[in-house]
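So the chains spell out like this:
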Amino acid sequence: MASNNVFIVEAIERRKKILNKVSKKIIICGGTGCIANGAMKVYKKFCDALKAESLNVEVSLKSESSSNESVIYVSKSGCQGFCQMGPLISIEPDNVVYVKVRPEDVDEIVEKTIKKNEIIERLLYIDPIKNQREKWYDEISFYKKQQRLSLRRCGRINPEDIDEYIYDGGYEAAIKALFDMSDKDICDEILRSGLRGRGGGGFPTGRKWELTRIKKADKKYIVCNGDEGDPGAFMDRSIMEGDPHAVIEGMIIAGKAIGAEEGYIYVRMEYPLAVERLKIAIDQARKYGFLGKNIFNSGYNFDIIVMEGAGAFVCGEETALLASIEGKRGMPMPKPPFPAEKGLFGKPTVINNVETLATVPVIIKEGWEKFKSIGTPTSPGTKTFALTGQVANSGLIETPMGIKLKDIIFEIGGGVTDKNGEINNQKFKAAQIGGPSGGCLTKEHLDMPLDFDSLKSIGAMIGSGGLVVINDDTCIVKVARFFMQFTQNESCGKCVLCREGTKQMLALLDDLIEGRGDEKTIELLETLGKAIQKGSLCGLGKTAPNPVLSTIKFFREEYLAHAIKKECPSKECKALLKPKIVAELCKGCGLCLRYCPVGAIKGNKKEPHVINEELCIKCGACIEACKLNAITVG
Amino acid sequence: MSETLTSEKKFEKVSKILEKYNYDKTKLIPILQETQEEYRYLPEELLSYIGVSLNISSAKVFGVATFYAHFSLEPKGKYIIKVCDGTACHVKKSTAIIEAIEKKLKLSENKKTTPDLLFTLEKVSCLGACGIAPVVLINYTTFSQCTPEKILGEIEKIIKLEKNNGVE
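Computed from a prediction, not measured in an experiment: that's the story for all the values here.

Chemist: How would you summarise the overall build of chain A if you had to cite specific residues and measurements?
Modeler: Across its full length, chain A holds 25 helices and 20 strands. Taking 634 residues into account, the globule formula puts the C-alpha radius of gyration at 26 Å, and chain A, at 27 Å, falls close to it. Taken along its principal axes, the extent of the C-alpha atoms in chain A is 90 × 65 × 40 Å. Looking at the 634 residues of chain A, the share that counts as buried comes to 55%. Of the contacts formed within chain A by residues at least 6 apart in sequence, a portion of 70% connects residues at least 24 apart.

Structure below.
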């Protein structure tokens, strides 16, 4: 069927003709991370430098020129995932990837790699463990264990060019769904594949669609939830920026499956680049007749509106998100009625996460069996994780569901780093998964498979897939407080237990951190946490206590140390520090004495100084001032 | 007379925005977004004006304007510094950056904008650029792997630029 669409045929033809002439392809990562590191300057420099060498440069692959001279294609892609090493530049067919490229490096790359096919060793990635240089993605340990499905095109294609998407097999699934499948066929296919919502809940996508499909209504809606608010998660941003057409294609398929002619993509305002790329992609799709009236000449109508959020985390919750699209305060509503019955503007609505929708075309195109064969039986497919924190390689990764935590941290992540950035796996303390709704995993979970159900069984959740590695210089009570502060701030205020309870939990955590707590404080945290879980309407409140409860469960000792011994084992809680000057190390230089804001340090010149504990406010100024590391914190 | 003229002018831009959205009350959020973009904040009288124009109560408009973190009822600075305090940035010590900026610009938790309306400091939950943490956004430019020194340097550059009326 795909061969029938004139736009697809033409796009592929056009592309083939030009690709035959391309002698080198330079892909510059244009994700938010690499742009912040200066990727656009590098991009511009490449275009200028190549032109200065009077080489034929092509940036859009749209040229109609009939000359057969070879061209060099300079393209920007979406996020390649390895943000920390950006800007990333890959060059084909040499299959070489350069990391941390500066505009100053461009002339050398043109001179050596482009003109003479030589590799510039100093720009290659150095494996931090093996300490050797690696040339291409299949050698780099960060990429080796990954299996990219929803990120399959991110970093490979130019997200602002629909032809690249089409040439890569894009929109074939949409055409298959529109012409060869009934609405029920599509729902069945997705249900059989076992695809579960990637936004955190893990509800079977096929069932959600079927429930909406069978509802009779004059209008139905499909909404893409791109309000990725979890701190530490950025997979949806990367997909919207790097492969926006995959989201559009997923929505077209979902639209046909449930009988919707209108779709909304709700994107958080913190992602301006994602909004821009989505809008470009939608415009292109409209021009090709893939969106609008009678799409692909199939008789179906479908169009998409992009809506920007206004900065409210709770709008990631589906009923709150719908209220926000309707122009109201983003407050959740009790369910039932579920959106499948009464959703946007009171009509049956399906709300899917970005990653879920980007996975849909793969399943339709390649069949449910292939998808189901990846991952675990109850959580098939792959999952993206945003791997960050104190880990050697941070960035966006995608692996089969059920991968072990240790494989992610020690192999893909390259190991845990200490406060100086050196790799030291002994320093591993915890991995926080699922953001403010999730929990902490510890050493004992390193062998646990990461999937929906095993995580749920220990009180954590996969959430949207934020994975923050924490080393043992970080205080776990402070980590819990960080998340509590976040949910307390973001609570919409509707449910008393969530609004007031999170505030009280935060106060209790402050008691521990500032040395006012006792054993009862911990008990109270647990009781209150369980009450908030029961007494809140939406996912925000129901999961808000998770970070605290799970850390109390796995790090009770550390909580007790704060509560009873008034000690912080990681030495992070300033109020619990007991600064002492080690007489043997102190040379009596008087530096600490001068920096102490309350005059708590006494001592004669060239004689060891002493801190008066009663006066000390534990600000840490003396520790910072001392050049001999003579002050310990107890 | 002159007062009516200025107020007419004041409402001119928001009227255009309302027209663009066809006075559709479900588009209240995009309308407020564009109004804020235009005026740099949401003046009270504009909120009432929008309410009347859309045929919804001012209370509803206020409710929405105060619910979302992006909206501000007070004038914001010309340069909005957003320091990411998401998980990844937080564990990579974004607090030190916030403290350094507060000290430099004499700002605090309760005082977010400098009196000359040049800078506004905001702490945001996650900019989704965790791979390059800690991250700071000044208007639309993202700065990666920040240190207090790096950001203070950028602020210094802006102050100099403003002093020279935009000449570098």
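Chemist: Give a detailed account of the overall build of chain B, specifying residues and quantitative values.
Modeler: Within chain B, the secondary structure is distributed over seven helices and four strands. Starting at the N terminus and walking to the C terminus, you meet the elements of chain B as α-α-α-α-β-α-α-β-β-β-α. With the principal axes as the frame, chain B shows a C-alpha extent of 50 × 35 × 25 Å. With 168 residues in all, chain B has 38% of them scored as buried. In chain B, of all internal contacts separated by at least 6 residues, the share reaching a separation of at least 24 is 60%.

Chemist: Hey, could you go over the domain arrangement of chain A for me, with residue numbers and the actual values?
Modeler: All names here are of chain A. In terms of domains, chain A is made up of domain 1 (17–139), domain 2 (162–372), domain 3 (382–474), domain 4 (477–565) and domain 5 (577–632). Spacing between the C-alpha centres of domain 2 and domain 4 amounts to 35 Å. In this assembly, nine residues from domain 2 lie in contact with eight residues from domain 4. Residues belonging to the side of domain 2 that touches domain 4 are distributed by class as follows: seven nonpolar, one polar and one charged.

Chemist: Tell me about the sheet that holds strand S11 (residues 349–353) of chain A, and please be specific about residues and values.
Modeler: All names here are of chain A. With parallel pairing, four strands are arranged side by side in an open sheet as S10-S9-S8-S11. What marks the edges here is a single partner per strand, and that holds for strand S10 (303–308) and S11. When the angles between neighbouring strand axes are averaged without regard to direction, this sheet yields 20°. Here five bridges tie strand S8 (residues 221–226) to S11, and the two strands are oriented parallel to one another. Across the sheet, residue Ile222 finds its bridge partner in S11, namely Val350. Relative to S8, helix H11 (residues 244–258) is tilted by about 150°, and along the sheet it contacts S8, strand S9 (262–267), S10 and S11.

Chemist: A description of the domain arrangement of chain B should follow, citing residues and the corresponding values.
Modeler: The domain architecture assigned to chain B consists of domain 1 (2–67) and domain 2 (79–163). Using C-alpha coordinates to define each centre, domain 1 of chain B is positioned 30 Å away from domain 2 of chain B.

Chemist: Tell me about the sheet that holds strand S3 (residues 71–77) of chain A, and please be specific about residues and values.
Modeler: Residue and element names in this part refer to chain A. Here we have five strands laid out as an open sheet, ordered S2-S3-S1-S4-S5, and mixed in their pairing. Unpaired on one side and paired on the other, strand S2 (57–58) and strand S5 (96–98) mark the two borders of the sheet. As judged from the two bridges shared by S2 and S3, these two strands associate in the parallel manner. Counterpart to Glu58 in the pairing with S3 is Tyr73.

Chemist: Explain the environment of Ile56 of chain B to me, using residue names and the numbers behind them.
Modeler: Residue and element names in this part refer to chain B. Mapping Ile56 onto the fold places it in the loop between helix H3 (44–54) and helix H4 (58–67). A residue is classified by how many C-beta atoms lie within 10 Å of it, and Ile56, with 17 of them, is partly exposed. Beyond its immediate sequence surroundings of up to four residues, Ile56 is in contact with Lys25, Gly51 and Val61.

Chemist: Give a description of the pairing of strand S1 (residues 79–84) of chain B that names residues and reports values.
Modeler: Residue and element names in this part refer to chain B. The pairing of S1 with strand S2 (residues 119–124) spans six bridges and is parallel. By the bridge assignment, Ile80 is partnered in S2 with Thr120. With three bridges connecting them, S1 and strand S3 (residues 136–138) associate as antiparallel partners. Note on S3: the bridge partner recorded for Val83 is Val136.

Chemist: Tell me about the packing of helix H8 (residues 183–193) of chain A against helix H9 (residues 205–213) of chain A, residues and numbers included.
Modeler: Residues and elements named next belong to chain A. Viewed as axis vectors pointing N to C, H8 and H9 meet at an angle of 155°, and their least axial separation amounts to 7 Å. Classified by the angle between their axes, H8 and H9 sit roughly antiparallel to one another. Pair H8 / H9 crosses with left-handed handedness. Between H8 and H9, the contacting residues are Asp183, Cys187, Ile190 and Leu191 on the first element and Thr205, Gly206, Arg207, Trp209, Glu210 and Arg213 on the second.

What counts and what doesn't
Residues numbered from 1 in each chain as written. Chains lettered and ligands numbered in written order. Predicted model: local features only at pLDDT ≥ 70, side-chain atom pairs only at ≥ 80, totals over all residues. Helix = DSSP H or I, 4+ residues; strand = E, 2+ residues; numbered from the N terminus. Rg over C-alpha atoms; globule rule 2.2 N^0.38 Å. Buried ≥ 20, exposed ≤ 12 C-beta atoms within 10 Å, placed from the backbone. Contact = placed C-beta atoms within 7 Å. Domains from an automatic or database assignment. Nonpolar A, V, L, I, M, F, W, Y, C, P; charged D, E, K, R; others polar. Pairing = 2+ DSSP bridges. Axes fitted to C-alpha atoms, helices over the stretch in contact; angles between N-to-C directions. Parallel < 35°, antiparallel > 145°, perpendicular 65-115°, else oblique. Left-handed = near helix turned anticlockwise from the far one by under 90°.

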